[in-house]
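Architecture and fold: a report
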Amino acid sequence: MSNVDFDDVLVQIGERGRYQNIMYYLLCVPATLPAVFLAFSQVFVSASPDHWCRLPSLEHTMLGGMPLTPEQQRSVGVPFKLQPDGSRKYDRCLMYDVNLTEWLSSHNVTRGTDLPTPDSGWPTIKCSHGWHYDRRDYDSTLVTELDLVCEDSWWISTSTTFFYVGSLFGNVVFGWIADRCGRRVSFLCILFSMVWVAILTSFSPNYLVYTIMRTISGFFFPAIFQIPFILALEMMGPRYRTFAGMVICMFFAGAMSLLALLGYLLRDWFSLSLATSVPFLLLFSYYWITPESPRWLLSKNRIDEAEVIVQRMAKVNRRPIPANFLHQLEAESQSLSRARQQVPVSSSATPMDILRHPNIRNKFLILAFDWVANAVVYNGLAYNTTNLGVSDYLAFFIGGVVEIPSYFITWWAMDRFGRRSVLCLTMLLGGLACVSCMFVPEEAVWVTVSLAMAGKFGIAASFAVFYVFVGELLPTVLRSQAMGIASFIAGLGLLTFPSIVSLAKYSRVLPLIVMGSLSLAGAMVSVFLPETLHLHLPQTIEEGEALKANFNLCSVTNRHRRRRPTVDTPSPSSTAAKLPNGATSDRDLTDVISPIRVIVTDFDAETNCSL
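What comes next concerns the included structure. (Residues numbered from 1 in each chain as written. Predicted model: local features only at pLDDT ≥ 70, side-chain atom pairs only at ≥ 80, totals over all residues. Heavy atoms only, no water.)

Details of the state of the cysteines
Stated formally: In plain terms, two cysteine sulfur atoms within 2.5 Å form what is called a disulfide here. Per the convention used, a helix needs a DSSP run of H or I reaching at least four residues, while a strand needs a run of E reaching at least two, with both numbered from the N terminus. We call a residue buried when its accessible area falls under 20% of the maximum for its residue type, exposed when it is over 50%, and partly exposed in between, using a 1.4 Å probe and counting protein chains only.
According to the stated counting rule, one finds 2 disulfides in the structure shown. One disulfide bridge connects Cys53 with Cys127, the sulfur atoms lying 1.7 Å from each other. As the torsion about the S-S bond is roughly -65 degrees, the Cys53-Cys127 disulfide counts as left-handed. Here Cys53 is found in strand S1 (residues 51-53), whereas its partner Cys127 is found in the loop between strand S7 (124-126) and strand S8 (131-133), with 74 residues between them in sequence. For Cys53, a relative accessible area of 0% translates into the label buried. In this structure Cys127 comes out as buried when scored by relative accessible area, which is 15%. A disulfide bridge connects Cys93 with Cys150, and the sulfur atoms are separated by 2.0 Å. Across the S-S bond of Cys93 and Cys150 the torsion is about -100 degrees, and the bridge reads as left-handed. With a gap of 57 residues between them, Cys93 in the loop between strand S5 (88-90) and strand S6 (94-96) and Cys150 in the loop between helix H7 (142-146) and helix H8 (154-180) connect regions that are remote in the sequence. Relative accessible area serves as the criterion here: at 26%, Cys93 is assigned to the partly exposed category.

Considering the side chain of Ser519
To be explicit about the condition: Here, two residues are considered to be in contact whenever any of their heavy atoms come within 4.5 Å of each other.
With respect to the helices, strands and loops of the structure, Ser519 is situated in helix H25 (residues 510-526). Excluding anything up to four places from it in sequence, Ser519 contacts Val377, Met427, Gly430, Gly431 and Ile459.

Right, here's the structure in full:
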């Protein structure tokens, strides 16, 4: 592993210059649009609109010379329950087992008169002639084409579950490829495979084939988001990592709203499937655009390849550097290491290193649990929009729009109060908003919708913080592998969210209560993570192990945290003076510790809390 710290290289060539901006925004497109369309298009493709039994005996019944409308047929042929507001809630899977034509004839119903009310004591049977579907929102879905309702409704949740089963294995595989073979190789493998599978899914002849193709598609999610994000994050300096995390999340929210808009305009599952897959053939051009992460190349001691990319970055950023800049830094670092008898560090790591080092292990377990909570609640709220009692498109669109201000607020708060406190508070907000739905009457639909959107606001913000936080807590040699394994664990949790969403058949707010409770639990454990604001990304396992939490309850919401100093970026020469245990040289430690002592003393005096 090279002794060159890439954060110090960025000081010379620009922490967020023109090159990083161009590559960052280019990477935001494949990291968000395909990821959103891949994961959430099923909300509309497999939507189950309101439906009721088809009644052939009433289809030719005339009323004042006009045939009965499907709604009129339902009012006399389908059992219902009266709601508190006086409306009728019709059964979706049962119909009356009586001769309805003869019954209507006995009442001498004429045009302009109200239809008689059926006897609630009549015998009922299951739908035996198919179903009528409410076509106001959807012209066609896989559910309406294949009649996947009532006894066959399990296909929908099963397909969603198998999608996330595929993601379990994809996370680990592509995380391993990203750490072993490079971020670029992993990203291109995902991109090229995912687009073809998404297109083929649109031509599924039946729902079994569709489920199989969705399982294969899940293999590329959420790695299609994570790998480009890691690549973009590793090109940025410490001051701009928050920017990298927040803006890519804004792209993600915009893609969510765009998906709702496409669904509303197309209204047909096949057209929507093609529209959310075929255009991504243009992304194959990224083969010639995407560079390898120079930070990863340095971690593998591939200095010559990193030198080419760094020289290109410096040229685009208009920062003149010597022709052999990295080689000069490496030579200087090696000479200083020999002078200090520094022990060389390993350039590779295995997943067992996560368990072998106690501090990394503890952080990993907390991050894995928080990942489960964020993933289940975020995805659950997205899929649960069809259970809120308003238009699916409107609820999904609002859910995407409310994320955008959450990212602006989080962006400001993360650099002011730190990652840990913002993660805790946003998960707390999301959880409380969802759990509060238990106190809302079921007929107060828009109150429930508002609280659900507040929950989406909070959990989207916490997920944005989390992705930045997890990238900063894990060392470079383990980052992709650890994120892949943690995401695998989160994927196991995601297998439960279709069942959580299906609880809406018992109560509209029950899924929100379950998801809110999980978010509250995630908020509680997140306070035990260390703060990473203004710190360099840990490169080695030793540096990752040295980054420990120093937990105190008063520090979680400490309003004085904004006075915490930014650690000055050391020069290239001081970077080479890293000690074996991951600490910096004595001079660097003095520069960092002296101002911290002043602030700790001031903090203790004002709050009576110790750090």
